[in-house]
Amino acid sequence: MYTTTLVGRFSQARFLISAAAPAQFPADCGAEVAFVGRSNAGKSSAINALTERKSLARTSKTPGRTRLLNFFELGPLQRLVDLPGYGYASGPAAERQTWRPLIEALSTRRSLRGLFMIVDARRGLMEGDEALLNWAGPNVPLHVLLSKVDKLTRTEGAQAFSSARTALGDRASVQLFSAVTKTGLEEAQRLLQVWLTS
Ligand code: GDP
């Protein structure tokens, strides 16, 4: 049922605005879902797969936009927020300074319905990922996509899933995902849709 209803669901998706600071965020009405992830975790690929738009998230990778929050409109008053990748050279202190205010500002918005975190399934959750989830506060629903699962065997995938479940407890839901083989795509699309219409 969902397969047919979801196909082309986000075909109207379009880039809205790049924001360097909360003051530039779009008006806080409607619903939005944020995407975070360590650089190279597969966030852009996941966004493109979920929205069924081959290069939507490429916008976020264009020079000048990589350090900004990029807002996309998926439907009327439905937005996707692509946060910059983290985990590169800056180190934990700098990271805390950059990330914490961004996540906290987002999480106070009435529109925010949830946060998708993209985590490379081969690496699993790392310290910075957990801190970031905590900054979102207890009231923001969290969902972790263990990405690139096509690079793991079935057993390794099951182990990655189980470790993440244990680490996250009831703070976040988690699933296996691959933008290449589309493993878990429907499940993730369904949640995105539910959050955007809630
Ligand atoms: P981002 O930096 O988190 O936005 O990551 P990208 O989406 O740009 O992906 C980083 C690298 O991982 C690229 O070379 C992608 O082709 C690759 N990648 C992303 N998702 C998958 C996946 O599901 N499977 C495989 N095998 N490679 C992936």
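Preceding block: the structure.
Residues numbered from 1 in each chain as written. Predicted model: local features only at pLDDT ≥ 70, side-chain atom pairs only at ≥ 80, totals over all residues. Heavy atoms only, no water.

Q: What is the right way to look at the site of the ligand in this model?
A: Within the structure, the ligand sits among 15 residues, and Lys-43, Ser-44, Ser-45, Lys-61 and Asp-150 are positioned closest to it. Contact distances for the ligand include 3.0 Å between an oxygen atom and a side-chain N or O atom of Lys-148. Here an oxygen atom of the ligand sits 3.5 Å away from a polar atom, N or O, in the main chain of Val-180. For the ligand, the protein covers 73% of the area, taking 580 Å² as the surface of the free molecule. Each residue belonging to the shell around the ligand can be placed in one class, and the counts come to three nonpolar, six polar and six charged. (Near = heavy atom within 4 Å. Polar contact = N/O pair within 3.5 Å; in protein donor to acceptor, adjacent residues only side chain to side chain. Areas by Shrake-Rupley, 256 points an atom, 1.4 Å probe, with all protein chains shown as cover. Nonpolar A, V, L, I, M, F, W, Y, C, P; charged D, E, K, R; others polar.)

Q: What am I meant to see in the side chain of Asp-82 here?
A: Of note, Asp-82 is situated in strand S4 (residues 78-82). Judged by its relative accessible area of 1%, Asp-82 is buried. A polar atom in the side chain of Asp-82 sits 2.4 Å from the side chain of Lys-43. Not counting chain neighbours up to four residues away, the residues in contact with Asp-82 comprise Phe-35, Lys-43, Ile-47, Ala-57, Ser-60, Leu-68, Leu-69, Asn-70 and Phe-72. (Helix = DSSP H or I, 4+ residues; strand = E, 2+ residues; numbered from the N terminus. Buried < 20%, exposed > 50% of the residue type's maximum accessible area, 1.4 Å probe, protein only. Contact = heavy atoms within 4.5 Å.)

Q: Could you clarify how one ought to interpret the nonpolar core in this entry?
A: Generally speaking, a soluble globular protein has its nonpolar side chains buried in company with each other. The biggest cluster of nonpolar side chains holds 35 residues, and the ones touching the most others in it are Leu-83 and Met-117. Looking at this core, the elements that each hand over two or more residues are strand S2 (31-37), strand S3 (69-75), helix H3 (91-107), strand S5 (112-120), helix H4 (127-135), strand S6 (142-147) and helix H5 (154-168). With five residues, the top contributor of residues to this core is H3. With sequence-adjacent residues up to four places away left out, Leu-83 is seen in contact with Ala-34, Phe-35, Val-36, Lys-43, Leu-69, Trp-99, Ile-103 and Leu-106. Residues Ala-13, Leu-50, Ile-118 and Ala-188 belong to the second largest nonpolar core, which totals 25 residues. (Core = buried A, V, L, I, M, F, W, Y, C linked by side-chain atoms within 4.5 Å.)

Q: Help me out: how do you make sense of the packing of aromatic side chains in this one?
A: Remark: the centre distance and the inter-plane angle together describe each pair of aromatic rings, the angle taken between the planes. Inspection of every chain in the model, using the stated rule, returns four aromatic pairs. Relative to Phe-71, the ring of Phe-25 has its centre 5.3 Å away and its plane inclined at 55°; by these criteria the two rings are tilted. With Phe-25 in the loop between strand S1 (14-19) and S2 and Phe-71 in strand S3, this pair connects stretches of sequence that are 46 residues apart. Take Phe-25: its relative accessible area is 10%, and that puts it in the buried class. Taking the centre distance of 4.8 Å and the plane angle of 5° together, the rings of Phe-35 and Phe-116 count as stacked. Here Phe-35, found in strand S2, pairs with Phe-116, found in strand S5; they are 81 residues apart in sequence, far enough to count as distant. The class for Phe-35 is buried, based on a relative accessible area of 0%. Each residue in the set Phe-35, Phe-116 and Trp-195 is aromatic and connected to the rest through ring pairs, giving one cluster. (Phe/Tyr/Trp six-rings, centres within 6.5 Å; stacked < 30°, edge-to-face > 60°.)

Q: Would you explain the sheet that holds strand S7 (residues 173-176) in this entry?
A: In a beta sheet, neighbouring strands pair by backbone hydrogen bonds and run either parallel or antiparallel. Read across the open sheet, the seven strands follow the order S1-S3-S4-S2-S5-S6-S7; overall the sheet is mixed. The outermost strands of the open sheet, each flanked by one partner alone, are S1 and S7. Geometrically, the sheet is characterised by an average inter-axis angle of 25° between neighbouring strands, direction not taken into account. The pairing of S1 with S3 spans five bridges and is antiparallel. (Pairing = 2+ DSSP bridges. Axes fitted to C-alpha atoms, helices over the stretch in contact; angles between N-to-C directions.)

Q: Got a minute to help me understand the pairing of S3 in this structure?
A: Moving residue by residue along a regular strand, the side chains alternate between the two faces of the sheet. Across the seven residues that make up S3, a large majority, six, are buried. Here S3 runs beside S4; their pairing, made up of five bridges, is antiparallel. Following the sheet pairing, Glu-73 is matched in S4 by Arg-79. Linking S3 to S4, which pair antiparallel, is a turn of two residues; within it Leu-77 sits at a positive phi near 55°.

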